[in-house]
Amino acid sequence: MIEYQDARALVLSAAKALAAESVPLAHAQGRTLARDVRAREDIPPFSKAAMDGYAVRAADTRLPGPDVSGAVELEVLGDLPAGRMPRTAIGPGQAVRIMTGAPLPKAADAVVMVEDTEASGRTVKVRREVRPGENIGLAGEDLKKNEIALERGTLIGPAETGMLAAAGLARVPVTRRPKLAVIATGDEIVEPNERKRPGQIRNANGPALMALAVEAGAAPLYLGIARDRTASLAGKLARAKASDILVLSGGVSVGDYDLVKDELETAGVRPVFWKVRIKPGKPVFFGVRGRQLVFGLPGNPTSAMVTFLLFVRPAVENMLGRKGPGPAAGRAVLAADIAVKPGRTQFLRGAITENGPVLKVAPYDDQRSGVLRSMVRSRVLIVVPADVRHVEAGREVEIIFMDGW
Ligand code: AMP
Ligand code: MG
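Conventions and cut-offs
Here the residue index of a chain counts from 1 through its sequence in written order. Written order decides the labels, with chains lettered from A and ligands numbered from 1. Reporting of local features is limited, given that this is a predicted model, to residues whose pLDDT is at least 70; pairs of side-chain atoms are given and counted only at 80 or more, and all residues count toward the totals for whole chains, interfaces and linings. Think of the side-chain values as coming from all heavy atoms in the structure, minus any hydrogens and water. Between N-to-C directions, angles cover 0 to 180 degrees, with each direction set by a line fitted to C-alpha atoms, over the stretch in contact for helices. Segments assigned H or I by DSSP are reported as helices when at least four residues long, segments assigned E as strands when at least two residues long, and all are numbered from the N terminus. These descriptions rest on fixed angle ranges, namely under 35 degrees for roughly parallel, over 145 for roughly antiparallel, 65 to 115 for roughly perpendicular, and the rest for oblique. Handedness of a crossing is defined here by the sense of rotation of the near helix relative to the far one, left-handed for an anticlockwise turn of less than a right angle and right-handed for a clockwise turn. By definition, residues are in contact when any of their heavy atoms lie within 4.5 Å. Only Asp, Glu, Lys and Arg are considered charged, only Ala, Val, Leu, Ile, Met, Phe, Trp, Tyr, Cys and Pro nonpolar, and every remaining residue, Gly among them, polar. Here is the rule: rings of Phe, Tyr and Trp (six-membered ring for Trp) pair when centre to centre is within 6.5 Å. Planes less than 30 degrees apart are stacked, more than 60 are edge-to-face, and the remainder are tilted. In this scheme, a residue with accessible area under 20% of its type's maximum is buried, one over 50% is exposed, and one in between is partly exposed, where area comes from a 1.4 Å probe on protein chains only. A carboxyl oxygen of Asp or Glu within 4 Å of a side-chain nitrogen of Lys or Arg is what we treat as a salt bridge. Here a residue is near a molecule or strand as soon as one of its heavy atoms is found within 4 Å of it. Any pair of N or O atoms that falls within 3.5 Å is considered a polar contact. Within protein, one atom must be able to donate a hydrogen and the other to accept it, and sequence-neighbouring residues count only if both atoms are side-chain atoms. Computed with a 1.4 Å probe, the accessible areas rest on the Shrake-Rupley method; for each residue, only the protein chains presented here act as cover. A pocket here means an open set of points on a 1 Å grid, computed over the protein atoms alone, that has protein on both sides within 12 Å along at least five of seven lines. A cavity is instead a set of points where a 1.4 Å probe fits but cannot get out; residues with an atom within 4 Å of a point line either one. Throughout, a molecule is located in a cavity or pocket provided that more than half of its atoms lie within 2 Å of its grid points. Here, any two strands with at least 2 DSSP bridges between them count as paired.

A.B. asks: Hey, could you go over the packing of helix α1 (residues 4-14) against helix α6 (residues 301-319) for me, with residue numbers and the actual values?
C.D. replies: Packing of α1 against α6 brings their axes to within 9 Å, and their N-to-C directions diverge by 30°. With respect to their mutual orientation, α1 and α6 come out roughly parallel. Crossing hand, α1 versus α6: right-handed. Across the interface between the two elements, Tyr4, Ala7, Arg8, Val11 and Leu12 of α1 pack against Leu310, Phe311, Pro314, Ala315 and Asn318 of α6. Looking at side-chain class alone, the contact of α1 with α6 contains eight nonpolar, one polar and one charged residues.

Next up, the structure:
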């Protein structure tokens, strides 16, 4: 039996980043950048008006005296809408009527908001003095030419998509999604749409693991339920050959019908570890077959999900080339006492009870690994080190966000 951190390190070192592919910008959401993206030009490419008003030389707007009702009068050379280049520079005592987003004419260094002016014919009265730089956006203020806009390994979300668009990328280099095959095992398991006979239960793990795979950024492939028989398992294993990751649930304990481990070895999977000093999820198996990573997760739904988050998700993130593979950890203050049996690192399902300046968490009151409701009601795992028996309310604990926040 090995420790959680050692097991995690073994998984991470076996999970290598996959090759890059190019996708249209519209399909980049949720993908991971495969290389650094630099700005090919200044963004924005020119200095521009940040307000509707008048482009001026700031010095021309200095009011003659302390009289607040005073104004200076400037000659208006013309109109400048967004998308048009200014034709002439402005001279002393001159202004151009300018719209938000239009390039600043030469010699102009500020914009007077239209609200501070009064137009009459070819002149405008400016009632408020502006400082140089006021109400303008400078060329390159977002990004300078050649500056790194986004680093490789970045998860692409809406803001990153906007940045890629601003940098002019119609296609985006992303890492290939790892193909992740899911097999549920068990003679007693039936699919939600199948007829259930006495003694059988619904397949919760298959769909839950598929959903976890999607959430992690993998491309999942569902291979159905294998029966607790050699031929049934071998058939499914053969169909999983082309996937980067294979995840099975059930059949990895020490019962008479727990065939998964032996069957995986027969199929050419080299075992890396079996059994980790954790709760839930102790019987978890990890092995490799060529470049394929194979995880045998325990059958209890909570154990299957927690071990996916602890081991499979980081492997997916490593294959995606994500910076700092998860799980996303943090700290929170306990809202209720915890008492556990020491000996294994425990991952208690917990809810965030206070989301203010200090995060407070409370463990769900039923931590048995067959109780899937604890996962539904929880957002975090509270990490209790192996040598700890009791943690009092008010103490700080390490938490892991199950939704990867
Ligand atoms: P096992 O690890 O195969 O011994 O299974 C442990 C427990 O989890 C048993 O009570 C199984 O019935 C249950 N179980 C196994 N696979 C699933 C599944 N796919 N969905 C729901 N429960 C399962
Ligand atoms: Mg079983």
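A.B. asks: Account for the packing of aromatic side chains, naming residues and giving values.
C.D. replies: By the definition in use, this model includes five aromatic pairs. Ring geometry for Phe273 and Phe286: centres 5.5 Å apart, planes at 45°, overall tilted. You can see Phe273 sitting in strand β18 (residues 270-274) and its partner Phe286 sitting in strand β20 (residues 285-289), a full 13 residues away along the chain. There is no split in this pair, since Phe273 and Phe286 are both buried.

A.B. asks: Mind laying out the pattern of salt bridges, listing which residues take part and the relevant values?
C.D. replies: Where charged atoms from two side chains of opposite charge come close, those side chains can pair. For the structure shown, the criterion picks out 17 salt bridges. Through salt bridges with shared partners, one network takes in Asp116, Arg128, Arg131 and Glu134.

A.B. asks: I'd love a proper account of the site of ligand 1, names of residues and values included.
C.D. replies: Close to ligand 1 lie 14 residues; Glu188, Asn203, Ala204, Gly251 and Gly299 are nearest. Contact between ligand 1 and Asn203: a nitrogen atom at 2.9 Å from a side-chain N or O atom of the residue. Note that an oxygen atom of ligand 1 is positioned 3.1 Å from one of the backbone N or O atoms of Asn300. Isolated, ligand 1 exposes 480 Å² of accessible area, and the fraction of that covered by the protein chains is 77%. Mapping ligand 1 onto the cavity grids shows that it belongs to the largest pocket. When grouped by side-chain class, the residues that make up the shell around ligand 1 number four nonpolar, eight polar and two charged.

A.B. asks: Could you give an account of the sheet that holds strand β7 (residues 110-113), with specific residues and numbers?
C.D. replies: Taken in spatial order, the six strands line up as β7-β4-β6-β5-β9-β8 in an open sheet, and their pairing is mixed. Bordering the open sheet on either side are β7 and β8 (117-120), each of which pairs with just one other strand. Put simply, the sheet's adjacent strands are angled 35° from each other on average, direction ignored. Judged from the four bridges that link them, strand β4 (residues 53-56) and β7 form a sheet pairing that is antiparallel. Each bridged residue has a counterpart across the sheet, and for Ala55 the counterpart in β7 is Val111.

A.B. asks: Describe in detail the sheet that holds β20, supporting the description with residues and values.
C.D. replies: Sheets are built from strands paired through backbone hydrogen bonds, the pairs being either parallel or antiparallel. With mixed pairing, the six strands of this open sheet are ordered in space as β16-β13-β17-β21-β20-β18. Either end of the sheet is taken by a strand with one partner, and the two such strands are β16 (219-226) and β18. Averaged over all pairs of adjacent strands, the angle between their axes in this sheet comes to 20°, without regard to strand direction. By the bridge criterion, six bridges tie strand β13 (residues 179-185) to β16 in an arrangement that is parallel. Along β16, the bridge assignment pairs Ala181 with Leu221. Against the sheet, helix α3 (residues 205-216) engages β13, β16, β17 (245-249) and β21 (292-297), with an angle of about 170° to β16.

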